[in-house]
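Chain by chain, the residues run as shown.
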Amino acid sequence: MDKKTMNQEQQEEVTNDEQVEGSNESVNEEQEQHSDEQLQKQIKQLETEKEELKNKFLRTQADFDNFRRRTQKERENDLKYKSQELVTEILPVLDNFERALQTEVNDEGSQSFVEGMKMVYNQLHQALGKAGVEEIQAEKEEFDPNLHQAVMQVQEEGYESNQVVEVLQKGYKLKDRVIRPAMVKVNE
């Protein structure tokens, strides 16, 4: 082969190589562009998932905080009113003590027995006071349906309308909760 033909063939090969390289480059550019689009989609999808997870986490955190506060409040109330059931059981005993102490005795032996019972009654009353139990004041007070239970209505002079005339059964509160309302007669 002559030199000219050889140069021509080499040039054709170079041109073919350049064309292949050019087509490879365009294919590579298309692949890179497609790859960039896929990456952008993945980034957007991951950002969306991240925001959803963040919101879910914040809601869960808020739910947990609310649960913790609610259980703390319940625990405080349980401690505050822990003796409520016991007080409810003791109140009828206290009522019977008061009724027994109202009976009159004539001889000295019975009188010393009553004095001993008064001491026990006072001790019981003090123990209930330390536990937060207090008597609801009702006589000559204005009727309050939250504290009093009206069982009779009477017309008495010297009392204002809606004023408690007489206490039939004492009422009690444990701290700020009414355990038993006072049973009362109310003036019309």
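Residues numbered from 1 in each chain as written. Predicted model: local features only at pLDDT ≥ 70, side-chain atom pairs only at ≥ 80, totals over all residues. Heavy atoms only, no water.

1. A few points about helix H3 (residues 108-130)
And step 1. The end-to-end C-alpha distance of H3, which contains 23 residues, comes to 33 Å, matching closely the 33 Å that a straight helix rising 1.5 Å per residue would cover.
And step 2. Val114, Tyr121 and Leu128 are the residues of H3 that are buried.
And step 3. Those residues of H3 hidden inside the fold are in contact with helix H2 (84-101) and strand S1 (133-136).
And step 4. Capping the start of H3, Asp107 holds a side-chain oxygen 3.2 Å from the backbone nitrogen of Gly109, two or three residues further along. (Helix = DSSP H or I, 4+ residues; strand = E, 2+ residues; numbered from the N terminus. Expected span 1.5 Å × (residues − 1). Buried < 20%, exposed > 50% of the residue type's maximum accessible area, 1.4 Å probe, protein only. Contact = heavy atoms within 4.5 Å. Polar contact = N/O pair within 3.5 Å; in protein donor to acceptor, adjacent residues only side chain to side chain.)

2. A few points about the pattern of salt bridges
And step 1. If you walk through the whole model with that rule in mind, you get six salt bridges.
And step 2. Here Glu98 makes a salt bridge to Lys170, at a shortest N to O gap of 3.1 Å. Taken together, the residues span a long stretch of sequence, with Glu98 in helix H2 and Lys170 in the loop between strand S3 (164-169) and strand S4 (171-174) at a distance of 72 residues.
And step 3. A relative accessible area of 15% places Glu98 in the buried class.
And step 4. Accessibility expressed as a relative area gives 26% for Lys170, which makes it partly exposed.
And step 5. Taking the shortest distance from any N to any O, the salt bridge between Glu134 and Lys173 comes out at 3.9 Å. Taken together, the residues span a long stretch of sequence, with Glu134 in strand S1 and Lys173 in strand S4 at a distance of 39 residues.
And step 6. Residue class for Glu134 comes out partly exposed when judged on its relative accessible area of 39%.
And step 7. Through salt bridges with shared partners, a single ionic network connects Glu98, Glu135 and Lys170. (Salt bridge = Lys/Arg side-chain N within 4 Å of Asp/Glu carboxyl O.)

3. Some points on a nonpolar patch on the surface
And step 1. There is a patch of nonpolar side chains on the surface, built from Val151, Met152 and Leu168 and spanning about 240 Å² of accessible area.
And step 2. Relative to the assigned elements, Met152 resides in strand S2 (residues 148-154).
And step 3. A relative accessible area of 39% means that Met152 is categorised as partly exposed. (Patch = residues over 30% accessible without salt bridge, like charges linked within 9 Å, V, L, I, M, F, W, Y side chains within 5 Å. Areas by Shrake-Rupley, 256 points an atom, 1.4 Å probe, with all protein chains shown as cover.)

4. Quick look at the nonpolar core
And step 1. With 14 residues, the main nonpolar core has Val87, Leu91, Leu94, Leu128 and Val133 as its most contacted residues.
And step 2. Among the elements of the structure, H2, H3 and S4 are those that each provide at least two residues to this core.
And step 3. Looking at this core element by element, the count peaks at six residues for H2.
And step 4. Setting aside anything within four residues of it in sequence, one finds Val133 in contact with Val87, Leu128, Tyr172, Lys173 and Leu174.
And step 5. In this structure, Ala138, Ala182, Val184 and Val186 belong to the second largest nonpolar core, which totals six residues. (Core = buried A, V, L, I, M, F, W, Y, C linked by side-chain atoms within 4.5 Å.)

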